[in-house]
Amino acid sequence: MRTLLFCSLTLCLATLAQEPPQSPKEADWKFVDVLSAPMTWHPHWTRSTVSNGEVSLQGGVEIDARFPDEAGTLETAYEDLGNFFGAVGIPTDGPFRIITERVPTLGTEAFTLVVSENECRIQANDTEGIRRAIYFLEDELLRADGPFLSIGETQRSPFIKTRISRCFFGPIKRPPMNRDELLDTVDYYPNEYLNRLAHDGVNALWLTVEFKDICKNSLIPNASPDRDRRLEKLRKTVAKCRRYGIEVFLFTMEPYFMPSGHPLLLVYPEIGGATRGKSDKLFCPFSEAAQTYLQSSLHSIFSVVPDLGGLINISYGEVPTICLSSADDDWNIDCPTCTNKEPWEIHNASVSAMERGMHEAAPDAKFISWLYTDPRPGPGFQPLLDIARKAPPGVIVQYNFESGGSKMQLGKARRANDYWLSYVGPSDAFRTIANTLRDESVELSAKTQTSNSHEVASVPFIPVPGQLYGKYSAMRDLGVNTVMQCWYFGNLPSMMNRAASSALPFSPEGITEDEFLQNLARRDWAAEDVPKVVEAWRLFATAYDNYPLSNAFQFYGPMTDGLVWPLHLKPVQLPLGPTWRTDYPISADRIGESFSETHTYPEVLQLCGDLSDTWNRGVAILDALQSKYADEKDRQTDISVSQALGIQFRSGYNILRFYNLREQLLYGPAERRAETLQELRTIVEEEIKNDRDMAALCEGNPFLGFHSEAEDYKYFPAKLQWRAELLGTLLDTDFAEAESAVAAGEMVFPVEAGMADETLTYTCPPAPESFATTWRTDAPWQALSAYASLTPGEPTVTWRAVHDADAIYVNIQCALQEDAPLLTAAVHLQSAHIYPRRTFELSDKGTPNTQLSWQVVSDQWDAVTSTTSGFRNFRFRIPFDVFNEEFDAVTYPSRPMRINVQIQSTPVGTPTLNIQTWAPHSDNPPRYRLGFGAEDPAEMGWLRLAP
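What counts as what
- Residues numbered from 1 in each chain as written.
- Predicted model: local features only at pLDDT ≥ 70, side-chain atom pairs only at ≥ 80, totals over all residues.
- Heavy atoms only, no water.
- Helix = DSSP H or I, 4+ residues; strand = E, 2+ residues; numbered from the N terminus.
- Rg over C-alpha atoms; globule rule 2.2 N^0.38 Å.
- Buried < 20%, exposed > 50% of the residue type's maximum accessible area, 1.4 Å probe, protein only.
- Contact = heavy atoms within 4.5 Å.
- Areas by Shrake-Rupley, 256 points an atom, 1.4 Å probe, with all protein chains shown as cover.
- Lys, Arg positive; Asp, Glu negative; His and termini not counted.
- Charge placed at Lys NZ, Arg CZ, Asp CG, Glu CD.
- pLDDT = per-residue confidence, 0-100.
- Pairing = 2+ DSSP bridges.
- Axes fitted to C-alpha atoms, helices over the stretch in contact; angles between N-to-C directions.
- Phe/Tyr/Trp six-rings, centres within 6.5 Å; stacked < 30°, edge-to-face > 60°.
- Lys NZ or Arg CZ within 6 Å of the ring centre and 35° of its normal.
- Right-handed = clockwise from strand over helix to strand, strands pointing away.
- Parallel < 35°, antiparallel > 145°, perpendicular 65-115°, else oblique.
- Left-handed = near helix turned anticlockwise from the far one by under 90°.
- Nonpolar A, V, L, I, M, F, W, Y, C, P; charged D, E, K, R; others polar.
- Salt bridge = Lys/Arg side-chain N within 4 Å of Asp/Glu carboxyl O.

### Structural notes on the overall build of the protein
Working step 1: Looking only at helices and strands, the protein features 24 helices and 33 strands.
Working step 2: Whereas a compact globule of 947 residues would reach a radius of gyration of roughly 30 Å, the protein reaches 31 Å, a difference of no more than 12%.
Working step 3: The principal-axis extent of the C-alpha atoms belonging to the protein is close to 100 × 70 × 45 Å.
Working step 4: The burial tally for the protein puts 61% of its 947 residues in the buried class.
Working step 5: For the protein, long-range pairs separated by at least 24 residues make up 73% of all intrachain contacts whose partners lie at least 6 apart in sequence.
Working step 6: As presented, the protein carries roughly 35,300 Å² of accessible surface, and 50% of it is formed by carbon and sulfur atoms.
Working step 7: Charged side chains of the protein number 84 positive and 124 negative; the gap between the two group centres comes to 1 Å.

As structure tokens, this is what we get:
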């Protein structure tokens, strides 16, 4: 069996070896030229006669810049206004005056437009109020049906004061590229790109730094040799962005844990707190040395880089930092100093020192402490709430807008963690934190995604502004005044970016969703087309609400890059790759990894079918407008993005359909095989067309396929063409083989399906009567003779299994050795080879492990240990119900499961033994995958349930 499996995998990998290299390279990213090109404006004016209550600008304008601007930060805004008038045909030497002036009573970024017959007065108390007003004036003229302004007074003031985004193509300072934007010579902020961001309403950008690279303090006098180089580029970036009213925030996850031997620990061991792993130390913030390190580190940056906007620091969550990171479910902390501290005290000891250092150097900078963690249930949430509400003065608390949320899909509540645009939110946890912080007068920042998310991050934005309306309406009600609007992705200048950064934050209170959508559309589309565009957006939102609410589906599902997944008619039993990376093997056929955590196969098919069908109804509306806007590049981008999403959603749905039908082909009734095979062929033919259609779209829109966290394209024309050719070959080879088998009345691919006699299989007999009530004792097992030996090794291990209508029972028996106590015994089960394995792990103390991420199902199973005649028994009862309807004995009575049995022990003075049924761990194990670890499907044998 293993030889045959390796042959199958070798053939698969040989085919995939022809995959085209990642292309185009960074120097050829055409979208950089698009972002660097001057902005264009296309008014859709249909009227030339001024109406009562209006003033006409047809005769020309004069810009009278009276607002005091010693630093010249408004020069870019005035230049833009002049370019705008030139583009729309309004002379700038005319009689109508546009006057900017200071009015001290207005708040930050607030402005008033006072329009009379002869002039428009733009009034604000700060330069950014003037800037916002200038862009608002331009947008008002674009929304009008002629070059006219309504006489009267308009006031606007943002309820979201700080709107933080990120460079669309800037390095992320993470694997696999590990590029640091402060160490290269690339300009990631071309002037016109910044102008576009400023027009959208973005007033802050974040970039990643690490203390070890950029800080200098008395505790570690030897700073990084590249520190000055980094600081110089940072200063230039800050100064350049400031010209467009955009501040720069540093993003950190500090203080980072330290390995043993770290120079700081050698001199100041008291900084080392709770132990991580074998010897790494978390940062304990209570010593004098710790306080000095944190305070001086922040001071050393903000004192030498003028005008930095602030710091966003993941103080708790994501990666190990302070001793708080070691807290267990009951918030117990393994540190001699912190064990008697409240969680909020540990958090405050760290962030208050950092905040002091920053504000001593830059009093106006903002310190954002990001609590990046899912809410713990029940009483476990209170300490997190205390951390937020007891934050030190001068600290803004940030929490994920969606984490811990839920919504109903197909009559069931589904749980959301972070990174959601299809889920409006907020979660109950965010709402509770917001209400509590408002009572405590602590400022709150929301972390959300505004343009796209992990759901589909290979397109620059998802045109669902109605989702943003719901999010920002809730933020207004909850008193949120800062928003981190994106992770590495979700930040391109676009209608979604503008909706989140300008349209919604500056909208008057009480605006309805329809008014907001109409306003947003009127700026860019002709008046007669606005109702059609809004209808398309509403259809998109309705469709997108069907996106399966499952983080696994985001991270491994087919919606982001399914267009370049090969399709495997012959099972290869290989896993899915992360959607946010390009350095993993391309996704294969274990499709259930993307949804079995939360949805059944019929549910995900229904949701994705509805998503695809409804989305493409919206696409049809915009398709009808495409020729009318042939000369408007931005509208062509809007339309092509919606078309691309239509193709991606259809392709993702097709992949799900394909593997569902493949299971029917392999294990379903013989009389249906020919019909099923034809359905599979039709899907493949449609996917070939989808690849070619998408390749054509990519030629006209260089943003399509680019994933900002991957720092590369997930799909591009050459790769789409490769996949189309691969699918053509599939029709000529595996389909032809399957058709021959069907015509001969034989099973299709019996070896790969685990149905051939020569496959390595354990036949699981029916359990004797009363087994369900006696399985914990020795007697029923002693009556069974079916054993399977594990790989030879010490201690000696055997196992056997039986089943009844409700469950599988497994007994693992291990020879006892006094000097080699067993650590764990585990049963790995897959209900079918398209699903992830479920791991059921039991310690030698009889404690079931239910904390194995997406591989295990809560506590619905049972296990016990016992000792018999020098052997330790590990007994499991695993109900079929734990497989979330994956195990379907009615539809597929003969379909085998996959199994492996594993024990781990540590003999004194020797490495850990890892003994498994079918195979030991490979010398080259699979790479770690979030939620799935380094699981190797090749280590699974077959388990046949005897009738």
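Back to the text.
### Describing the confidence of the model for the protein
Working step 1: In the predicted model, the protein carries a mean pLDDT of 91, and the fraction of residues at 70 or more is 93%.
Working step 2: Contacts for the low-pLDDT stretch residues 1-15, under 50 throughout, to residues beyond four places or in other chains number 20 contacts.

### Observations regarding unusual backbone geometry
Working step 1: Of note, the amide linkage connecting Pro175 to Pro176 takes the cis form, showing an omega dihedral of 5°.
Working step 2: The omega angle of the peptide bond from Glu254 to Pro255 is 0°, so this bond is cis rather than trans.
Working step 3: Position of Pro255 relative to the elements: it lies in the loop between β10 (247-252) and α8 (263-267).
Working step 4: Positive phi values are uncommon outside glycine, yet Asn884 reaches one of about 55°.
Working step 5: Positioned with a positive phi, Glu885 is a non-glycine residue whose angle comes to about 65°.
Working step 6: In this structure Glu885 comes out as exposed when scored by relative accessible area, which is 59%.

### Examining the sheet that holds strand β18 (residues 444-447)
Working step 1: Pairing within the closed barrel is parallel, and its 8 strands lie in the order β8-β9-β10-β13-β14-β15-β18-β19. Within the sheet, the average angular offset between the axes of one strand and its neighbour, ignoring direction, is 25°.
Working step 2: Helix-sheet contacts for helix α12 (residues 428-440) involve β15 (395-400) and β18, and the interaxial angle to β18 is about 165°.

### Thoughts on the environment of Glu75
Working step 1: Looking at where Glu75 falls in the secondary structure, it is placed in helix α3 (residues 75-88).
Working step 2: Using a relative accessible area of 52% as the deciding quantity, one classes Glu75 as exposed.
Working step 3: Placed 307 residues apart in sequence, Glu75 and Gln382 show a C-alpha to C-alpha distance of 50 Å.

### Here we look at the packing of aromatic side chains
Working step 1: By the definition in use, this model includes 53 aromatic pairs.
Working step 2: Consider the rings of Phe31 and Phe169, whose centres lie 5.9 Å apart with planes at 65°: the pair is edge-to-face. Taken together, the residues Phe31 in helix α2 (residues 30-36) and Phe169 in the loop between β8 (162-165) and α5 (191-200) connect sequence positions 138 residues apart. The residues Phe31 and Phe169 share a single accessibility class, namely buried.
Working step 3: The interplanar angle of 65° and the centroid separation of 5.9 Å between the aromatic rings of Tyr544 and Tyr547 together place this pair among those described as edge-to-face. You'll find Tyr544 and Tyr547 in the same group, each marked buried.
Working step 4: Members of the aromatic cluster, connected to one another through ring pairs, are Trp29, Phe31, Phe168, Phe169, Tyr188, Tyr193, Phe703, Phe706 and Tyr713.
Working step 5: In this structure, Arg166 packs its charged tip against the face of Trp206, placed 4.8 Å from the ring centre.

### Some points on the pairing of strand β13 (residues 310-317)
Working step 1: β13 sits mainly inside the fold: 8 of its 8 residues count as buried.
Working step 2: Sheet topology note: the β10/β13 ladder contains 4 bridges and is parallel. By the bridge assignment for β13, Leu250 is matched with Leu311.
Working step 3: Two elements, β13 and strand β14 (residues 366-372), share 7 bridges in a ladder whose sense is parallel. The residue of β14 that forms the bridge with Tyr316 is Leu371.
Working step 4: As a crossover connection, the stretch from β13 through helix α10 (residues 343-361) into β14 is right-handed.

### Structural notes on the packing of helix α13 (residues 465-478) against helix α14 (residues 495-503)
Working step 1: Contact geometry of α13 with α14 gives a least axis separation of 10 Å together with a crossing angle of 15°. Overall, the two elements α13 and α14 adopt an arrangement that is roughly parallel. Every pair of crossing elements has a handedness; the one defined by α13 and α14 is right-handed. Residue-level inspection shows Pro465, Leu468 and Tyr472 of α13 in contact with α14, the latter providing Met495, Met496, Ala499 and Ala500.
Working step 2: Across the contact of α13 with α14, the residue classes break down as 7 nonpolar, no polar and no charged.

### Here we look at the sheet that holds strand β4 (residues 111-115)
Working step 1: One open sheet holds the 5 strands; their spatial order is β2-β3-β5-β4-β7, and the pairing between them is mixed. Only two strands of the sheet have a single partner each, and these edge strands are β2 (61-65) and β7 (152-156). Ignoring which end each strand starts from, the neighbouring axes of this sheet average 15° apart.
Working step 2: Sheet contacts for α3: β2 and β3 (96-102); angle to β2, the most-contacted strand, approximately 180°.

### Some thoughts on the pattern of salt bridges
Working step 1: Scanning the model with the defined rule gives 62 salt bridges in all.
Working step 2: Where Lys173 meets Asp180, a salt bridge forms, and the shortest distance between an N and an O atom there is 4.0 Å. Asp180 shares its class with Lys173; the two are buried.
Working step 3: Residue Arg838 is joined to Glu886 by a salt bridge in which the shortest nitrogen-to-oxygen separation is 2.5 Å. Taken as a pair, Arg838 in strand β27 (residues 838-843) and Glu886 in the loop between β30 (871-879) and β31 (897-905) lie far apart in primary sequence, 48 residues in all.
Working step 4: On the accessibility criterion, Arg838 (3% relative accessible area) is buried.
Working step 5: Linked through salt bridges whose partners overlap, the residues forming this network are Asp64, Arg66, Arg97, Glu101, Glu119 and Arg121.

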